[in-house]
Amino acid sequence: FDPVETPNDVFPQVIEGLIDVEEWIRFFALQSLIVNEDGAIQNRSGEDYFLYKVPAASGRPDAGKWLLVPWDLEESFQTSTQRLFASQVRSIKRLLTHPQFAPLYYEEILSLRDGAFSRQQMRQRFSLIDFSFGFSTTDAIETFVTERAGFVDSSVPLEIQAGPASPGEGLAGCGDTLYATSDLVSLSGRSNASLTRSVKVGGQPAAHDPVTAAWA
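Note that the structure is a prediction, hence the values are computed from the model and not measured.

### Observations concerning the overall build of the protein
- On a plain count of helices and strands, the protein comes out with seven helices and nine strands.
- Expressed as a percentage of the 216 residues in the protein, the buried residues total 38%.
- Taking contacts inside the protein between residues at least 6 apart in sequence as the whole, the part at least 24 apart equals 62%.
- Carbon and sulfur atoms form 54% of the exposed surface of the protein, whose accessible area is close to 12,500 Å².
- In the protein, 17 positive and 28 negative side-chain charges are present, and the distance between their average locations comes to 2 Å.

### What about helix α2 (residues 21-34)?
- In this model, α2 (14 residues) spans 20 Å end to end at C-alpha, consistent with the 20 Å of a helix rising 1.5 Å per residue.
- With respect to burial, α2 is a largely interior element, eleven of its 14 residues being buried.
- Buried within α2 we find Val21, Glu23, Trp24, Ile25, Phe27, Phe28, Ala29, Gln31, Ser32, Leu33 and Ile34.
- In the core, the buried residues of α2 are packed alongside α1 (11-16), β1 (49-53), β2 (66-70), α3 (90-97), α4 (102-114) and α7 (135-155).
- Taken from the residues just after α2, valine 35 is the one with a positive phi, measuring 50 degrees.

### Some remarks on the nonpolar core
- One finds Phe28, Leu84 and Tyr105 to be the most contacted residues of the largest nonpolar core, which totals 37 residues.
- Contributions of two or more residues to this core are made by α1, α2, α3, α4 and α7.
- By residue number, the principal contributor to this core is α2, which donates eight residues.
- Sequence-distant contacts of tyrosine 105, defined by excluding residues within four places in its chain, comprise Ile25, Phe28, Ala29, Ser32, Leu84, Phe85 and Leu96.

### Digging into the packing of α2 against α3
- With their axes 11 Å apart at the nearest point, α2 and α3 run at an angle of 105 degrees to one another. The angle between α2 and α3 places the two elements in the roughly perpendicular class. Every residue of α3 that contacts α2 at Trp24, Ile25 and Phe28 is listed here: Ile92, Leu95 and Leu96.
- Partitioned by chemical class, the residues of the contact of α2 with α3 number six nonpolar, no polar and no charged.

### A look at α4
- Helix length check: α4 (13 residues) gives 19 Å between terminal C-alpha atoms against 18 Å at 1.5 Å per residue, within 8%.
- The complete set of buried residues in α4 reads Ala102, Pro103, Tyr105, Tyr106, Glu108, Ile109, Leu110, Leu112 and Arg113.

### Here we look at the layout of surface pockets
- Put simply, the largest pocket is a space of about 430 Å³.
- Taken together, 17 residues line the largest pocket, and the ones lying closest to its centre are Ile34, Ser76, Phe77, Met122 and Ile141.
- Put simply, the parts of the chain that give the lining of the largest pocket at least two residues each are α2, α5 (119-125) and α7.

### Points about the environment of glutamine 31
- Examined against the element boundaries, glutamine 31 turns out to sit in helix α2.
- Sequence separation between glutamine 31 and leucine 73 is 42 residues; the distance between their C-alpha atoms is 8.9 Å.
- Apart from the residues within four sequence positions on either side, glutamine 31 is in contact with Asn36, Gln42, Pro70 and Leu73.
- Within the structure, the side chain of glutamine 31 is placed 3.0 Å from the side chain of asparagine 36, a separation counted as a polar contact.

### Side note on unusual backbone geometry
- Residue valine 35 is not a glycine yet carries a positive backbone phi of 50 degrees.
- The residue valine 35 is located in the loop between α2 and β1 in this model.
- On the accessibility criterion, valine 35 (3% relative accessible area) is buried.
- One non-glycine residue, aspartate 72, lies in the positive phi region at around 70 degrees.
- For aspartate 72, the location among the structural elements is in the loop between β2 and α3.

Rules behind the numbers
- Residues numbered from 1 in each chain as written.
- Predicted model: local features only at pLDDT ≥ 70, side-chain atom pairs only at ≥ 80, totals over all residues.
- Heavy atoms only, no water.
- Helix = DSSP H or I, 4+ residues; strand = E, 2+ residues; numbered from the N terminus.
- Buried < 20%, exposed > 50% of the residue type's maximum accessible area, 1.4 Å probe, protein only.
- Contact = heavy atoms within 4.5 Å.
- Areas by Shrake-Rupley, 256 points an atom, 1.4 Å probe, with all protein chains shown as cover.
- Lys, Arg positive; Asp, Glu negative; His and termini not counted.
- Charge placed at Lys NZ, Arg CZ, Asp CG, Glu CD.
- Expected span 1.5 Å × (residues − 1).
- Core = buried A, V, L, I, M, F, W, Y, C linked by side-chain atoms within 4.5 Å.
- Axes fitted to C-alpha atoms, helices over the stretch in contact; angles between N-to-C directions.
- Parallel < 35°, antiparallel > 145°, perpendicular 65-115°, else oblique.
- Nonpolar A, V, L, I, M, F, W, Y, C, P; charged D, E, K, R; others polar.
- 1 Å grid on protein atoms, 1.4 Å probe; cavity = no way out; pocket = protein on both sides within 12 Å on 5 of 7 lines; lining within 4 Å.
- Points joined across faces, edges and corners; volume = space filled by probe spheres on them.
- Polar contact = N/O pair within 3.5 Å; in protein donor to acceptor, adjacent residues only side chain to side chain.

By themselves, these observations are geometric and do not establish any function.
Shown next as structure tokens:
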């Protein structure tokens, strides 16, 4: 979508009328966790996937919408420190970094990290591939999963922070309480990236980056 023709304020409504957003977000969250490095829609080019349009008369909640179907995954489980927002495909980057959808992306990454991608659940499935790949491969995957989970834990902003934009500017502290020492104080901080859609300070919208969770 051209940002001029479809500006950010109407982008969510338009895109939700065309695709199952939650399914697409889950697709990219999973691709990010396993780090599929094959050149594809999740990183460098718009390929290596199938599109399926659910028939309008199917009776499904996603009737009439497009679904993403993965294909070509053999270049996965390699670089555990790959950044979470890796797609250079302009339309996908816009989807994942939009203020309404970036929290969903983070939320899905955390859900998978604690569920299907957790070390415990992954180990339970190694028996399904042992006969094809052997211990050395499953051992390498387990090492990757552990390292990738650690990278996710260090990369997803979850702690809420607030303070002066410049150290000591217009604020003083007493215990856990901050109070203003001037009539005008500039604040900044970070939000919980998986829960926050916007930030207000004094009732007014603050500039908020949904990817870094920084606000000011």
